[in-house]
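Here's the letter readout for the chains.
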Amino acid sequence: MKTFCGRANPTTGSMEWLEEGEDYDYHQEIARSRYADMLHDKDRNVKYYQGIHAAVSRVKERGEKAIVLDIGTGTGLLSMMAASAGADFCYAIEVFKPMANAAVKIVEKNGFSDKIKVINKHSTEVTVGPDGDMQCRANILVTELFDTELIGEGALPTYEHAHKYLVQEGCEAVPHRATVYVQLVESRRMWSWKKLFPVHVEAEDGEKILVPPSEMENCPGLPSVCDIQLNQMPSGDFSTLSDVVKMFSVDFSKPVQSASTCYRVQLEAVKSGKAQIVLSWWDIDMDPSGMINCSMAPYWVKPTSALQWRDHWMQCVYFLPREKPVLQGEKLHLTACRDEYSVWYNLQKARADEEEQKADVCVQSPVCRCRAHLLWNRPRFGELNDQSRTRQYVKSLRKVLKTDSICLCISDGSLLPVLAHYLGAKQVQCVQPSRIDLFHPHELWQAFFKANNLEDKIKIIEVRPELLKPSHLEDKKISVLVGEPFFTTSLLPWHNLYFWYARTAVSSHLASNVTVLPQSASLHMMIVEFQDLWRIRSPCGICEGFDVRTMDDMIKDSLNFRESKEAEPHPLWEYPCKSLSEPQEVLTFDFTKTVPDHCLSTEGSVKLLRKGKSHGAVLWMEYHLTADISVSTGLMKLSNEKGNCEWNPHCKQAVYFFSSVIESEILSDPTAVEYAMNFDTKTGEIAMDFKL
Ligand code: SAH
């Protein structure tokens, strides 16, 4: 089947109609899937194998046949473990067709076709009976349906259904139980992902402080989970206010209820501070005794045991609806509420009066009322709260603005127009291209302007740049055009070059001596060795003795689909790497001129200066606000002896994984990686090729 999908090109802004077969989605899903990461998760695999072995043995000891139901079999791994452990028969259910097909091949290749039946269905469609998918109900239930939040992938309704219709009463379950843990913390860094802090601006006539409106202050934010690699959060960036506590458990061997519910625990503040964040993770006991335990606890909780790196399960950051000051020794109640797919938290003082208790009931999942959480995602809040970044913009704006400046800002949800006004521009207006069709942030801006007495000072023009008319600008020419640039439609760093296209579209409105800020941008590249991230794209081969190369081949095919290998976005502050080459500027984009008709290409080579494995190239953009002020959305610092990198904590960088890894030694004549890049100004895409 072929469908036409309309989408705005993130870089050029133009509408494109793409003809997409269903293959396209499959390949995307497989290429970017977490299957490889799961198969590399040794700790998980070993513990599942032990748990499955123990469950099969318990059933056999009772003199029963071991009939296994494996919901979400993926590669068939857990069913093959069960068959090897002596199970009599396994029903392996997989809803995703390409995976179910792969599972059939993998099961066959490993010689288990007579013991494992792969069923390509959602588990709730599976039938039991003489003519059904399953001959009888199973007495062992094996699944791995968990996400970082435990229940986000629908584990609860799936278990609820399975217990009602697919397994016997008193069945064995692997895992046997899951437990969710929480810890209360104060963290300016993480809290800055939820709310806007006052922004300090040094203006000619003294310091101005931009404050968020009260609606924003009291907004509970969004229900979507914030999952991160908490092990990359330095201990200096948060302070723990409570011990780690068990929040709730789910016993998977008994009927499971998915209906919404709340759990409540008592905490004691171990330190005085501002309670802002609940950090949370879970563990699973593979057997009833709890001897086989697989835990997502972060480094400060289990400092002695070696941490298993994984990306398919991380840790959660929950934002309390309001920050609460707590005193050491104070008794607190923490409430977790959940629906079928998500969890949210609230904190109450044990001695709260009735009013406060009432105000703090949190049975409803958080819904953003202030609209800011629809406009800005969490990293964007963090970026806007980054005072040193703001100072760079203030410094450069001060250089270019004059009292008669007519200023136009093109960026999504940007504070630059307010900064420009404070710094004395005569007229300030802004265009927020990506948000126009999606949602009208007008009310938010009105509230924002009102809170800062800025009504009528800044005009929001609700059209796309190419539709801008002289009347929108009161027939004046723009003398200063600014952008961060930031657009919500950007996925890869260079998508923000949309600013250049927008600048080109508004050319006729620009004064002949217009100043454009940033004046230019550059694309930078560096070859790196990842500490762990390489696993997500690396073939697995043999997993716990089972040959899963069919899966590796399938991922490879999907990555090579249409032979267009692409870079992918990753927030590298979460994924440590060391540089093997010097950072190199590879392309520059001159915003003082319009986008040229011809392509921008470059080729060259980078020397590998350090010993290590070249897993790939990292690419990022730097914006040159003025001749001497630049901001980087990628590399912030490089410690030269070891090659450790510090990345911009608010942005995703582009990673291009090499299809084969080369190991370099320190050489007197260092190895070089050749590269070729081509920025197609028509499509806005950057094609790249590397030769090792
Ligand atoms: N069991 C494998 C794969 C786990 S990934 C392993 O441990 O390596 C989870 C898989 O479950 C995915 O392939 C997903 O498509 C599938 N899945 C999730 N919910 C399902 C359901 N209710 N019925 C059938 N398949 C499901």
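Per chain, residue numbering runs from 1 following the sequence as it is written. Two thresholds apply to this predicted model, a pLDDT of at least 70 for residue-level local features and 80 or more for giving and counting side-chain atom pairs, whereas whole-chain, interface and lining totals are computed over all residues. Calculation of side-chain values draws on the structure's entire complement of heavy atoms; hydrogens and water are dropped beforehand.

*Asks:* Any chance you could explain the side chain of histidine 624 here in plain terms?
*Replies:* Helix and strand definitions follow DSSP, with helices as H or I runs of at least four residues and strands as E runs of at least two, each counted in order from the N terminus. Along the chain, the position of histidine 624 falls in strand 32 (residues 612-626). Not counting the four nearest positions on each side in its chain, histidine 624 is found in contact with Pro518, Gln519, Ser520, Ala521, Ser522, Ile629 and Ser630. Any pair of residues with heavy atoms lying within 4.5 Å of one another is described as a contacting pair.

*Asks:* So what exactly am I meant to see when it comes to the packing of aromatic side chains here?
*Replies:* What describes a pair of aromatic rings is the distance from one ring centre to the other and the angle between the planes of the rings. In this analysis, rings of Phe, Tyr and Trp, with Trp reduced to its six-membered ring, are considered paired at centre separations within 6.5 Å, and the interplanar angle assigns stacked below 30 degrees, edge-to-face beyond 60, and tilted for intermediate values. If you walk through the whole model with that rule in mind, you get 28 aromatic pairs. Aromatic side chains phenylalanine 238 and tryptophan 300 sit 4.7 Å apart centroid to centroid with 50° between the ring planes, which places their arrangement in the tilted category. Of the two residues, phenylalanine 238 is situated in the loop between strand 11 (226-228) and strand 12 (239-240) and tryptophan 300 in the loop between strand 16 (293-295) and strand 17 (315-326); the sequence distance between them amounts to 62 residues. Each residue's exposure class comes from its accessible area (1.4 Å probe, protein chains only) as a fraction of the maximum for that residue type: buried when under 20%, exposed when over 50%, partly exposed otherwise. In this structure phenylalanine 238 comes out as buried when scored by relative accessible area, which is 8%. When the ring of phenylalanine 589 is compared with that of phenylalanine 679, the centres are 5.4 Å apart and the planes differ by 80°; the resulting orientation is edge-to-face. Taken together, the residues phenylalanine 589 in strand 30 (residues 584-590) and phenylalanine 679 in strand 37 (residues 672-680) connect sequence positions 90 residues apart.

*Asks:* Looking at this structure, I do not really get the site of the ligand. What am I missing?
*Replies:* Nearness of a residue to a molecule or strand requires only that one of the residue's heavy atoms be within 4 Å of it. Close to the ligand lie 18 residues; Tyr35, Arg44, Gly72, Glu94 and Ser123 are nearest. Whenever a nitrogen or oxygen atom comes within 3.5 Å of another N or O atom, the pair is scored as a polar contact, on the condition that within protein one atom can donate a hydrogen and the other can accept it, and that pairs from neighbouring residues in sequence are kept only if both atoms are in side chains. Note that an oxygen atom of the ligand is positioned 2.6 Å from one of the side-chain N or O atoms of glutamate 94. One nitrogen or oxygen atom from the main chain of serine 123 is found 2.9 Å from a nitrogen atom belonging to the ligand. Considering the ligand on its own, with 580 Å² of exposed area, one finds that the protein chains cover 89% of that surface. Put plainly, a pocket is an open set of points on a 1 Å grid over the protein atoms alone with protein on both sides within 12 Å along at least five of seven lines, a cavity is a set where a 1.4 Å probe fits but cannot get out, and a lining residue has an atom within 4 Å of a point. Those molecules having more than half of their atoms within 2 Å of a cavity or pocket grid point set are described as sitting in that cavity or pocket. For the ligand, the cavity whose grid points lie within 2 Å of the majority of its atoms is the second largest pocket. Computed with a 1.4 Å probe, the accessible areas rest on the Shrake-Rupley method; for each residue, only the protein chains presented here act as cover.

*Asks:* Explain the domain arrangement of the protein chain here, please?
*Replies:* Interfaces are frequently sized by the accessible area removed from exposure as the parts join. Residue ranges labeled as domains rest on an automatic or database domain assignment. Here the domain parsing of the protein chain yields domain 1 (3-32), domain 2 (34-144), domain 3 (178-369), domain 4 (386-517) and domain 5 (520-691). Using only C-alpha atoms to locate each centre, domain 3 and domain 4 end up separated by 36 Å. Listed as interface residues are 16 residues of domain 3 and, on the opposing side, 15 residues of domain 4. Buried area adds together the accessible area that both of two parts lose upon being put together, with accessible area traced by a 1.4 Å probe. Regarding the contact of domain 3 and domain 4, the summed buried area is about 1,300 Å², with carbon and sulfur atoms giving 69% of it. It is Val201, Leu210 and Pro213 that lose the most area in domain 3 upon contact with domain 4, and together they represent 37% of the buried surface on that side.

*Asks:* Help me out: how do you make sense of the packing of helix 5 (residues 97-109) against helix 16 (residues 549-559) in this one?
*Replies:* Relative placement of two packed helices is described by the angle separating their axes and the distance separating the axes. Inter-axis angles, ranging from 0 to 180 degrees, are taken between N-to-C directions of lines fitted to C-alpha atoms, where helices are fitted over the stretch in contact. As a packed pair, helix 5 and helix 16 sit with axes 9 Å apart at the nearest point and diverge in direction by 145°. Residue-level inspection shows Pro98, Met99, Ala102, Lys105, Ile106 and Lys109 of helix 5 in contact with helix 16, the latter providing Arg549, Thr550, Met551 and Met554. Residue polarity is assigned by list, with Asp, Glu, Lys and Arg as charged and Ala, Val, Leu, Ile, Met, Phe, Trp, Tyr, Cys and Pro as nonpolar; anything else, Gly included, falls into the polar class. Partitioned by chemical class, the residues of the contact of helix 5 with helix 16 number six nonpolar, one polar and three charged.

*Asks:* Hey, could you run me through the pattern of salt bridges in this one?
*Replies:* Two side chains that carry opposite charge are able to pair once their charged atoms sit near each other. Salt bridges are defined as contacts in which a side-chain nitrogen from Lys or Arg sits within 4 Å of a carboxyl oxygen from Asp or Glu. A full pass over the atoms with the stated rule returns 31 salt bridges. Here lysine 121 makes a salt bridge to aspartate 133, at a shortest N to O gap of 2.8 Å. Within this pair, whereas lysine 121 is found in the loop between strand 5 (116-119) and strand 6 (138-143), its partner aspartate 133 is found in the loop between strand 5 and strand 6, the two being separated by twelve residues in sequence. Arginine 537 serves as the salt-bridge partner of glutamate 568, at 2.9 Å between the closest nitrogen and oxygen. Within this pair, whereas glutamate 568 is found in strand 28 (residues 568-570), its partner arginine 537 is found in the loop between strand 25 (520-530) and strand 26 (542-543), the two being separated by 31 residues in sequence. In this structure, glutamate 568 and arginine 537 share a single accessibility class: buried. One connected set of salt bridges, linked through shared partners, spans Asp41, Asp43, Lys47 and Arg310.

*Asks:* Just to check I follow, could you spell out the state of the cysteines for this structure?
*Replies:* Note: disulfide means a covalent bond formed between the sulfur atoms of two cysteine side chains. Count a disulfide wherever a pair of cysteine sulfur atoms falls within 2.5 Å. For the coordinates displayed, the defined rule picks out one disulfide. The disulfide that involves cysteine 262 links it to cysteine 337, with 2.4 Å between the sulfurs. Of note, the bridge from cysteine 262 to cysteine 337 carries an S-S torsion of about 90° and is right-handed in sense. With a gap of 75 residues between them, cysteine 262 in strand 14 (residues 261-268) and cysteine 337 in strand 18 (residues 331-338) connect regions that are remote in the sequence. With relative accessibility at 36%, the residue cysteine 262 sits in the partly exposed group. Under the relative-accessibility criterion, cysteine 337 is labelled buried at 1%. With no disulfide partner, cysteine 543 has as its closest neighbouring cysteine sulfur the one in cysteine 540, 4.6 Å distant. Looking at cysteine 543, the relative accessible area reads 2%, which means it is buried.

*Asks:* How should I be thinking about the nonpolar core in this particular structure?
*Replies:* General note: in soluble globular proteins, nonpolar side chains tend to be found buried as a group. Here, the term nonpolar core denotes a set of buried Ala, Val, Leu, Ile, Met, Phe, Trp, Tyr and Cys residues that are joined through side-chain atoms within 4.5 Å. Of all hydrophobic cores here, the largest spans 114 residues; its most connected members are Leu69, Leu334 and Tyr345. With seven residues, the single largest contributor to this core is strand 15 (residues 273-285). Among the nonpolar cores identified, the runner-up in size contains 94 residues, and Leu210, Ala372, Phe499 and Val595 belong to it.

*Asks:* Sorry, what's going on with empty space enclosed by the protein here?
*Replies:* Gaps between atoms show up when a probe of the same size as a water molecule is rolled over them. Grid points are joined across faces, edges and corners, and a volume is the space filled by probe spheres set on the points. Here the structure, examined in full by the defined rule, presents four cavities of 30 Å³ or more. Considering only enclosed or pocket space, the largest cavity measures out at about 100 Å³ in volume. Lining the largest cavity are Val199, Glu383, Leu384, Arg389, Thr390, Tyr393, Ser414, Leu415, Leu416, Leu419 and Glu484. Mapped by element, the contributors of at least two residues to the lining of the largest cavity are helix 11 (378-384), helix 12 (387-400) and helix 13 (416-422). When residues of the lining of the largest cavity are assigned to their parent elements, the largest contribution, three residues, is made by helix 12. Partitioning the lining of the largest cavity into residue classes produces six nonpolar, two polar and three charged.

*Asks:* In this structure, what is going on with the sheet that holds strand 38 (residues 685-691)? I would like to understand it.
*Replies:* Sheets are built from strands paired through backbone hydrogen bonds, the pairs being either parallel or antiparallel. Reading across the sheet, the three strands line up as 31-37-38 and stay open at both edges, with antiparallel pairing between neighbours. Each of the sheet's edge strands pairs with one partner strand only, and the pair in question is strand 31 (600-607) and strand 38. Taking each pair of neighbouring strands and ignoring which way they run, the sheet shows an average axis angle of 15°. Strand pairing is assigned whenever DSSP identifies at least 2 bridges connecting the two strands. Sheet analysis places strand 31 next to strand 37, joined by eight bridges and oriented antiparallel. The residue of strand 37 that forms the bridge with leucine 600 is phenylalanine 679.

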